[in-house]
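Coordinate analysis (summary)
One letter stands for each residue in the lines below.
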Amino acid sequence: VEIGKAMGARVIAAASSAEKLAVAKAAGADELINYSETSLKDEIKRLTDGQGADVIYDPVGGDLFDQAIRAIAWNGRLLVVGFASGRIPELPVNLALLKGAAVVGVFWGSFAQRQPQDNAANFQQLFGWFAEGKLKPLVSQLYPLGNAAQAINDLGQRKAVGKVVVQVR
């Protein structure tokens, strides 16, 4: 949400609970969608006057990916970040064709390794926004190193609302 706002976007945040949506709103989201109560696709279309979203960041995958690709705008981009739902979706490529849309895999580890200069430039931008107060990362849970397995389990069960930090010392 904060990165989208720093880039000048109108941000529509989607989450599975009122608690997570409240965090998104506090971070600056302009619109909110609770996809456990309503159709993600229908709400995106409604909030964009039927045009769809220009960029969708999808860390969930599964059924929500299926809805997201159907809610993308002409010439939009769907950023595939992960599969927290557990199901890796299959893309009917005619949807990308009909919308002139791009589906882009975002795998930071490989990006950082293969494009170190671009990665460094991205971090400079992020640290600049942080210094300007545009980014205020939410650390919602701290775990001692001995509870690292619990931290990973909580992430896997989608219990995290912000960043989960494992303290080494």
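For the structure itself, look to the data block above.
Residues numbered from 1 in each chain as written. Predicted model: local features only at pLDDT ≥ 70, side-chain atom pairs only at ≥ 80, totals over all residues. Heavy atoms only, no water.

All right, on to the side chain of K20 then. Here K20 lies in helix 2 (residues 18–26). Of the buried charged residues, K20 lacks a salt bridge, with E19 as the closest side chain of opposite charge at 7.1 Å. When sequence neighbours within four positions are dropped, the list of residues in contact with K20 reads A15, R158, A160 and V161. (Helix = DSSP H or I, 4+ residues; strand = E, 2+ residues; numbered from the N terminus. Buried < 20%, exposed > 50% of the residue type's maximum accessible area, 1.4 Å probe, protein only. Lys, Arg positive; Asp, Glu negative; His and termini not counted. Salt bridge = Lys/Arg side-chain N within 4 Å of Asp/Glu carboxyl O. Contact = heavy atoms within 4.5 Å.)

Our next topic: a nonpolar patch on the surface. Residues Y57, V81, V104 and V106 make up a contiguous nonpolar surface patch of roughly 320 Å² in combined accessible area. Position of V106 among the secondary structure elements: in the loop between strand 5 (102–105) and helix 6 (108–114). Accessibility expressed as a relative area gives 36% for V106, which makes it partly exposed. (Patch = residues over 30% accessible without salt bridge, like charges linked within 9 Å, V, L, I, M, F, W, Y side chains within 5 Å. Areas by Shrake-Rupley, 256 points an atom, 1.4 Å probe, with all protein chains shown as cover.)

Moving on, we come to the sheet that holds strand 4 (residues 72–80). Read from one edge of the open sheet, three strands run 3-4-5, paired in parallel fashion. At either margin of the open sheet sits one strand with a lone partner, and together these are strand 3 (53–58) and strand 5. The mean angle between the axes of side-by-side strands here comes to 15 degrees, regardless of whether they run parallel or antiparallel. Packing against the sheet, helix 4 (residues 62–70) makes contact with strand 3, strand 4 and strand 5, and its axis sits at approximately 155 degrees to strand 4. (Pairing = 2+ DSSP bridges. Axes fitted to C-alpha atoms, helices over the stretch in contact; angles between N-to-C directions.)

Quick look at the nonpolar core now. Counting residues in each nonpolar core, the largest one holds 18 residues, and the members touching the most others are L40, I44, I56, I69, I72 and L78. When contributions to this core are tallied by element, the ones reaching two or more residues are helix 3 (40–47), strand 3, helix 4 and strand 4. In terms of residues, this core owes the most to one element, helix 4, which gives four residues. If sequence neighbours within four positions are ignored, I69 has contacts with L78, L91, L95, K99 and V103. (Core = buried A, V, L, I, M, F, W, Y, C linked by side-chain atoms within 4.5 Å.)

Further remarks concern the pattern of salt bridges. Counted under the stated rule, the structure contains six salt bridges. Put simply, R46 and E43 hold a salt bridge, and the shortest N to O gap is 2.9 Å. In this pair, R46 and E43 are both assigned in helix 3, three residues apart and thus about one turn of the helix distant. The class for E43 is buried, based on a relative accessible area of 16%. Its salt-bridge partner being E132, residue K134 comes within 3.3 Å of it at the nearest N-O pair.

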